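Structural overview
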Protein chains: 2
Amino acid sequence: MSNIEAVLAHVDENIDASIERMKELVRFQSISTDPAYQEECRKTADHLASELNTIGIAADVRVTPGHPMVVGHAEGNEGKAGPHVLFYGHYDVQPIDPIELWDADPFDPQIVEKNGIKVMTGRGTSDDKGQLLTFMEACRAYKAINGELPIPVSILFEGEEESGSPSLVPFLNENKEELSRDLALVCDTGMFDPTTPSITTMLRGLLGEEIIITAANRDLHSGMYGGPAANPIKILTNILADMHDENGRVTIPGFYDGVEELTPEVKAQWDALPFDAQAFLGDIGLSIPAGETAYSVYELVNARPTCEFNGITGGYSGDGFKTVIASKASAKVSCRLVGKQDPLKIREAFRAFVRERVPADCSVEFLDHGAGPAHSLSPDYPPLKKGAEALKDEWNKDAVMMGMGGSIPIVGEFKDILGMDSMLIGFALDDDNIHSPNEKYNIESYHKGIRSWVRVLNALAKD
Amino acid sequence: MSNIEAVLAHVDENIDASIERMKELVRFQSISTDPAYQEECRKTADHLASELNTIGIAADVRVTPGHPMVVGHAEGNEGKAGPHVLFYGHYDVQPIDPIELWDADPFDPQIVEKNGIKVMTGRGTSDDKGQLLTFMEACRAYKAINGELPIPVSILFEGEEESGSPSLVPFLNENKEELSRDLALVCDTGMFDPTTPSITTMLRGLLGEEIIITAANRDLHSGMYGGPAANPIKILTNILADMHDENGRVTIPGFYDGVEELTPEVKAQWDALPFDAQAFLGDIGLSIPAGETAYSVYELVNARPTCEFNGITGGYSGDGFKTVIASKASAKVSCRLVGKQDPLKIREAFRAFVRERVPADCSVEFLDHGAGPAHSLSPDYPPLKKGAEALKDEWNKDAVMMGMGGSIPIVGEFKDILGMDSMLIGFALDDDNIHSPNEKYNIESYHKGIRSWVRVLNALAKD
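What counts, and at which threshold
- Note that residues are indexed from 1 along each chain, following the sequence as it is written.
- Chains and ligands are labelled sequentially in the order written, the chains with letters from A and the ligands with numbers from 1.
- Only residues with pLDDT of at least 70 are given local features in this predicted model, and only at 80 or more are side-chain atom pairs given and counted; all residues enter the totals for whole chains, interfaces and linings.
- With hydrogens and water excluded, all non-hydrogen atoms of the structure serve as input to the side-chain values.
- Numbering of helices and strands starts at the N terminus; helices are DSSP runs of H or I of at least 4 residues and strands are runs of E of at least 2.
- C-alpha atoms define the radius of gyration in this analysis, and the globule rule sets the expected value at 2.2 Å times the number of residues to the power 0.38.
- For every residue, the accessible area (1.4 Å probe, protein chains only) is compared with the maximum for its type, and the residue is labelled buried under 20%, exposed over 50%, or partly exposed between those bounds.
- It only takes one pair of heavy atoms within 4.5 Å for two residues to be counted as in contact.
- None of His or the chain ends enter the tally, which takes Lys and Arg as positive and Asp and Glu as negative.
- Each charge is placed at NZ for Lys, CZ for Arg, CG for Asp and CD for Glu.
- Least squares is used to superpose the copies, and the fit set is the C-alpha atoms of residues whose pLDDT is at least 70 in both copies.
- We call Phe, Tyr and Trp rings a pair once their centres come within 6.5 Å, taking the six-membered ring for Trp, and we label the pair stacked below 30 degrees between planes, edge-to-face above 60, and tilted otherwise.
- UniProt positions are given in the numbering used here, feature names are shortened, and annotations may be inferred rather than shown by experiment.
- The split of the chain into domains comes from an automatic or database domain assignment.
- Two parts placed together each lose some accessible area; with a 1.4 Å probe, that loss summed over both constitutes the buried area.
- Salt-bridge detection follows one rule: a side-chain nitrogen of Lys or Arg within 4 Å of a carboxyl oxygen of Asp or Glu.
- Here a polar contact is taken to be a pair of N or O atoms separated by no more than 3.5 Å, where protein atoms must pair a possible hydrogen donor with a possible acceptor and residues adjacent in sequence count only if both atoms sit in side chains.
- Here the rule is simple: two strands pair whenever DSSP picks up at least two bridges between them.
- Here an axis means a line fitted to C-alpha atoms, over the contact stretch when the element is a helix, while the angle between two N-to-C directions is reported on a 0 to 180 degree scale.
- Three residue categories are used. Nonpolar comprises Ala, Val, Leu, Ile, Met, Phe, Trp, Tyr, Cys and Pro, charged comprises Asp, Glu, Lys and Arg, and polar comprises the others, including Gly.

**Remarks on the overall build of chain A**
When helices and strands are tallied, chain A shows 15 helices and 18 strands. Its C-alpha atoms give chain A a radius of gyration of 23 Å, within 12% of the compact-globule value 23 Å for 463 residues. Taking the principal axes of its C-alpha atoms as reference, chain A extends roughly 85 × 50 × 50 Å. For chain A, the proportion of its 463 residues judged to be buried stands at 62%. Expressed as a percentage of contacts within chain A between residues at least 6 apart in sequence, the contacts between residues at least 24 apart total 80%. Each charge class in chain A was averaged separately, 41 positive and 72 negative side chains, and the resulting centres sit 1 Å apart.

In structure tokens:
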């Protein structure tokens, strides 16, 4: 048995213990966006640091103005010359509302069969606790068999990924020397389908904004004031309705500056993917593509920018009815960005677009919910080729170079602040229900994910 | 001292006890729209029935599928021939949110000075508990001095006025004989200004609707689905933005059918009122009239129909940010109606307008939050002239015949079901903050309101 086969065998023999450790991590209620869960986030960070130390990766918890970071380091095999990698994951999770749509407690993970497939249910199982554990468990197996890792590994676990990462940029700047490594490995992405290993080489950026419109100085009776009094819900809905034209294009001036069309090669590769747009939409109960009419569904998700309304609120929304004209109305809006779109320029254009449409006797306030540019990796990058070969060994199928609609702003920050490229390998599936009720992670995703990282670490250690 | 002067003197001598009884009534948390307050509504009805019996008006509590009614009857002076009146008020109140904007507990009434004027604070002080008590206290004084009322009086107190009055029409139909009187007296309106007694002869009708748009079958990650997945907030904001044109007119087909322009006489009377549109808007922190551009602010509020958005909700609206595409979004919309606009035809037109704009793979559900037509009373109606003279005696100023923007659907139902006109006399003021935080009722409104009803009852008893 070669060394890597011994490590893989150890993974297989100890998978039940790995699953128990995943359950333990999922039980922490680490919802980063809600201040009520601050203490839970801190406990999650403590737990991860303690686990890393157990494995033999010297780690500690670093305080930030927000939720803490976990940082760890381990030397590699001294006889080998592989790159020093920084592995990144996030331990925080999305809120759980609407809680009534969950089949089970989101923080009491269960192993159940769904459509004949064994899965673990719970908030964060897929995004990102299960995924970050695939890497930790691969390191654990290496350490158990060899007493050391094949290459030097540093770890960075963040606790604010789901809430705009406010502490991340200052933290990277303050710890630039400690965290600048040869390459970042990130496990927060998915596979093209359940049998096709995937490396994500294009990620959309994200701009998060909140608009708060104030009209009258108090809530008004709609009988006494309805008509001449400005209604902030009307102002807001008019502004939002103005943001797209009849072809689904965003109308904010300059929004498409820096958007790049696909190269003919990538377009050909994507057209060849067995992507079923009707099945993709059918799965979520829809059948008519929304968004820009000029692009395919796959392109819309993976290579086109968007301006989406993530939340809106104003006036009375309880049971029954209240004939009120509200004083305030607000909306949360996020733009997915691609190519060389500049998030800060788009923020300014967005705010100007809104301000122009607010009546002179009303006012608007904006809240900044984070901004990160899009990311793309060249297909010629050597670690990418090694990673793809390792994945092929595990899955017996060529790895695809994917685009991904989601945003991982960290990837842009790693490039800008630490001068480091990121290789995004993940095992999540489209039906994992991340950010939704009944989030789950397949046990196979977890098990083969751990095995995949064993092979990737091994491949990177080779000359 | 004439008999009426003795009654008025009794009112003055016992005003402190009247104020204590008002505080007692305001302390009941009778929020009708919220099922959590069902028991409180029942207790309020019990209390009022008990008080009426104490005065000598035989009353009881009548169960309905919703909150109970209170019905009472008292014979008048047998020697006189005045009309038998039905007095109507409502004991339920609006919700209290946003509670953080109240200066004091809304259900712990306090007597305080505001701008040098003595007021009682609390939810319902003006709308409508203080107002209905002006009539009860007038009856109490009459009974104390004379042992009887000058005319026969029946009482109807409702507990669902603030939540669309779902039980009212069935109740009126079932109790038609008991409740059909010569004339209804309603105390749920205001004065033109603090010194001008007013009888409201035009009331806007009300149509309440809720739109619930469903797009995907679950909440979606805006990165994985943003672009091709229909966003219900976008659909809803587009529909709402379509409902008005650039001149502030409602675009729903047929909406203006039955709307009547003012007669030249009424227009001249209204133009002569010392109504200061800038002060009216300035008081609520605004300066630019919204709504139909072709009409004055006073006309907009009192004689024009509206379509107002009273509440909107969808997606994530908690602290922080969530990059979600919601499955559902909803809005509460109310139309104020005038003239002969037909609420049920407008409901159908409204729903058709919305349905046409919902994509074929999404769905819409509507909730019915009540419908009532507009109301107007002829200036030649004899009781109206008697009422106006009685008010002039109390306030030393001619009573104005007003329009009012608010809706009291009961007035239409009294006409349609019980064949009875309604005379609307109220003492609320524009700054009473009804339906808003810090609702109040001036002690002078209360005191002179009681005295006014003494005089109106006396006037109606005359041939």
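**With respect to the relation of the copies chain A and chain B**
Least-squares fitting of chain A to chain B yields an RMSD of 0.0 Å, with the superposition described by an axial translation of 0.0 Å and a rotation of 180 degrees. With respect to symmetry, the two chain copies, as superposed, fit the operation of a two-fold axis. Comparing interface residues between copies, 100% of those in chain A also lie at the interface in chain B; the contact surface is shared.

**Describing the packing of aromatic side chains**
With the rule as written, the count across this model stands at 27 aromatic pairs over all chains. The interplanar angle of 65 degrees and the centroid separation of 6.5 Å between the aromatic rings of Tyr441 of chain A and Tyr446 of chain A together place this pair among those described as edge-to-face. Tyr441 of chain A sits in the buried class, given a relative accessible area of 0%. Relative to Trp453 of chain B, the ring of Phe135 of chain B lies with its centre 5.3 Å away and its plane at 80 degrees, an arrangement referred to as edge-to-face. Separated by 318 residues along the polypeptide, Phe135 of chain B in helix H4 (residues 125-146) and Trp453 of chain B in helix H15 (residues 443-461) bring together distant segments of the chain.

**Looking at the UniProt feature "domain: Peptidase M20 dimerisation" (unreviewed entry) in chain A**
Within this numbering scheme, the UniProt entry marks residues 203-361 of chain A as carrying the feature "domain: Peptidase M20 dimerisation" (unreviewed entry). Within the segment residues 203-361 of chain A, helix and strand shares are 33% and 22% respectively, and the terminal C-alpha atoms sit 41 Å apart.

**So, the domain arrangement of chain A**
How big an interface is tends to be stated in terms of the accessible area lost upon association of its parts. Residue and element names in this part refer to chain A. Assigned domains within chain A: domain 1 (3-204 + 374-461) and domain 2 (205-259 + 305-372). Placing a centre on the C-alpha atoms of domain 1 and another on those of domain 2 gives a separation of 35 Å. Tallying the contact residues gives nine residues for domain 1 and eleven residues for domain 2. Carbon and sulfur atoms make up 55% of the surface buried where domain 1 meets domain 2, a total of about 650 Å² over both sides. Looking only at domain 1, the three residues that lose the most surface to domain 2 are Arg204, Ala374 and Ser407, adding up to 71% of its buried area. Summed over the shared surface of domain 1 and domain 2, the number is zero salt bridges. Joining domain 1 to domain 2, the criterion identifies zero residue pairs in polar contact (both at pLDDT 80 or more).

**Let's talk about the pairing of strand E3 (residues 85-90) of chain A**
Residues and elements named next belong to chain A. Most of E3 sits out of view: six of its six residues are buried. Where burial is concerned, the two faces of E3 agree: the one with Val85, Phe87 and Gly89 and the one with Leu86, Tyr88 and His90 are both buried. As paired strands, E3 and strand E6 (residues 153-158) are joined by six bridges and run parallel to one another. The partner of Leu86 across the bridge, within E6, is Ser154. Taken together, the four bridges between E3 and strand E7 (residues 183-186) define a ladder with parallel strand orientation.

**With respect to the pairing of strand E4 (residues 110-114) of chain B**
Residue and element names in this part refer to chain B. Both E4 and strand E5 (residues 117-121) contribute to a ladder of five bridges, which runs antiparallel. Note that in E5 the partner of Lys114 across the bridge is Ile117. The antiparallel pairing of E4 with E5 creates a hairpin that spans two residues between the two strands, and Asn115 there sits at a positive phi of about 50 degrees.

**Quick word on the environment of Asp361 of chain B**
Looking at the element boundaries, Asp361 of chain B is found in the loop between helix H12 (343-356) and strand E14 (363-372). Owing to a relative accessible area of 13%, Asp361 of chain B belongs among the buried residues under this scheme. Not counting chain neighbours up to four residues away, the residues in contact with Asp361 of chain B comprise Gly285, Leu286, Ser287 and Ile288 of chain A. For Asp361 of chain B, the side chain forms a polar contact with the main-chain nitrogen of Ser287 of chain A, separated by 2.9 Å.

**Overview of the sheet that holds strand E4 (residues 110-114) of chain A**
Residues and elements named next belong to chain A. Judged by pairing direction, the sheet is antiparallel, and its three strands sit side by side in the order E4-E5-E18 without closing on themselves. Unpaired on one side and paired on the other, E4 and strand E18 (440-442) mark the two borders of the sheet. Mean inter-strand twist for the sheet, computed between neighbouring axes without regard to direction, equals 40 degrees. Relative to E18, strand E5 (residues 117-121) runs antiparallel, the two sharing three bridges. Bridging across to E18, Thr121 finds its partner in Lys440. Across the sheet, helix H2 (residues 15-26) lies against E4, E5 and E18, angled at about 35 degrees from E5, the strand it touches most. The sheet strands contacting helix H15 (residues 443-461) are E4, E5 and E18, and the helix crosses E18 at an angle near 55 degrees.

**Section: unusual backbone geometry**
Negative phi characterises most residues that are not glycine, and trans characterises most peptide bonds. The amide bond that connects Asp127 of chain A to the next residue, Asp128 of chain A, takes the cis arrangement and shows omega of 10 degrees. Residue position: Asp128 of chain A is located in helix H4 (residues 125-146). Backbone geometry places Ser165 of chain B, a non-glycine residue, at a positive phi of 50 degrees. One can find Ser165 of chain B in the loop between strand E6 (153-158) and helix H5 (168-174). Here Asn433 of chain B, not a glycine, exhibits a phi torsion of approximately 55 degrees, which is positive. Within the secondary structure, Asn433 of chain B is located in the loop between strand E17 (422-425) and strand E18 (440-442). Note on Asn433 of chain B: relative accessible area 16%, which makes it buried.

**A closer look at the interface of chain A and chain B**
If you look at the interface, chain A gives 84 residues, while chain B gives 84 residues. A combined buried area of about 7,600 Å² lies between chain A and chain B, and 57% of that area is made up of carbon and sulfur atoms. Across the contact surface, chain A and chain B share two salt bridges. A salt bridge links Arg218 of chain A to Asp283 of chain B; the nearest nitrogen and oxygen atoms lie 3.1 Å apart. Taken together, the links from chain A to chain B amount to 48 residue pairs in polar contact (both at pLDDT 80 or more). For the side of chain A that touches chain B, a count of residues per class yields 35 nonpolar, 33 polar and 16 charged.

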